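Inside the fold
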Amino acid sequence: MKSLSPAQKNTILTMLDSGCSAHFIASTTGVHASTISRLHSKECSELQKSSGGYPKKLSPTNVHHAVHFITICKAENAV
C-alpha cells in the first residue's frame, strides 16, 4: 500500500474540515475514497458525517398540528 505524503494528508484533512464528501475529494486528489474514509476515521473522528437521505416533508410543527386534529376527532382520517 502506498502511503500518503504529508502534503496530501493536509489537503485531504482541510477538505474534510470544509465539509467535502469523500467521493468529491477522491475525484479531486486522485486518492481512493476508502483511503480518505479511513483517514477521516483516524484523524477527524469528531467531525459529523452527513445524515444522508431526503429531508422530511413535514416540519415538527405541522406533524404536531396534524396529530392534534386527529386526536380531537376534527379530521376523519390521517389524509
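Residues numbered from 1 in each chain as written. Predicted model: local features only at pLDDT ≥ 70, side-chain atom pairs only at ≥ 80, totals over all residues. Heavy atoms only, no water.

Of regular secondary structure, the chain possesses four helices and zero strands. Looking at the chain residue by residue over its 79 residues, the buried ones come to 15%. Considering only contacts in the chain between residues 6 or more positions apart, those separated by 24 or more positions represent 34%. (Helix = DSSP H or I, 4+ residues; strand = E, 2+ residues; numbered from the N terminus. Buried < 20%, exposed > 50% of the residue type's maximum accessible area, 1.4 Å probe, protein only. Contact = heavy atoms within 4.5 Å.)

Among the nonpolar cores identified, the biggest contains 11 residues, and these are Ile12, Leu13, Met15, Leu16, Ile25, Ala26, Val31, Ala33, Ile36, Leu39 and Cys44. Setting aside residues up to four positions removed in sequence, Cys44 forms contacts with Leu13, Asp17 and Leu39. (Core = buried A, V, L, I, M, F, W, Y, C linked by side-chain atoms within 4.5 Å.)

Attention shifts here to the confidence of the model for the chain. The predicted coordinates ought not to be read in detail in places where the model reports low pLDDT. Scored by pLDDT, the chain has a mean of 82; 85% of the residues are at 70 or more. Per-element confidence in the chain ranges from a low mean pLDDT of 85 for helix H3 (residues 33-43) to a high of 90 for helix H2 (residues 22-29). (pLDDT = per-residue confidence, 0-100.)

What follows concerns H3. Along H3, the residues classified as buried are Ala33, Ile36, Leu39 and His40. Take H3 and look down its axis: the buried residues cluster within an arc of 120 degrees, on one side only. Where H3 is buried, its residues contact helix H1 (6-17) and H2. (Arc of directions from axis to C-beta.)

Mapped onto the secondary structure, Ala22 falls in helix H2. Between the alpha carbons of Ala22 and His32 there is a distance of 8.7 Å; along the sequence they are 10 residues apart. Look past the residues within four positions of Ala22 in its chain and what remains in contact with it is Ala33, Ile36 and Ser37.

The next subject is a nonpolar patch on the surface. A cluster of nonpolar side chains, contributed by Leu58, Val63 and Val67, occupies part of the molecular surface with about 240 Å² of accessible area. Exposure remark for Val63: the relative accessible area of 39% places this residue in the partly exposed category. (Patch = residues over 30% accessible without salt bridge, like charges linked within 9 Å, V, L, I, M, F, W, Y side chains within 5 Å. Areas by Shrake-Rupley, 256 points an atom, 1.4 Å probe, with all protein chains shown as cover. Salt bridge = Lys/Arg side-chain N within 4 Å of Asp/Glu carboxyl O.)

Further remarks concern the packing of H2 against H3. Between H2 and H3, the least distance of the axes is 8 Å, while the angle of their chain directions is 120 degrees. Classed by the angle they form, the pair H2 and H3 counts as oblique. The interaxial crossing formed by H2 with H3 has right-handed handedness. Across the interface between the two elements, Ala22, His23, Ile25, Ala26 and Thr29 of H2 pack against Ala33, Ile36 and Ser37 of H3. Taken together, the residues of the contact of H2 with H3 break down into five nonpolar, three polar and no charged. (Axes fitted to C-alpha atoms, helices over the stretch in contact; angles between N-to-C directions. Parallel < 35°, antiparallel > 145°, perpendicular 65-115°, else oblique. Left-handed = near helix turned anticlockwise from the far one by under 90°. Nonpolar A, V, L, I, M, F, W, Y, C, P; charged D, E, K, R; others polar.)

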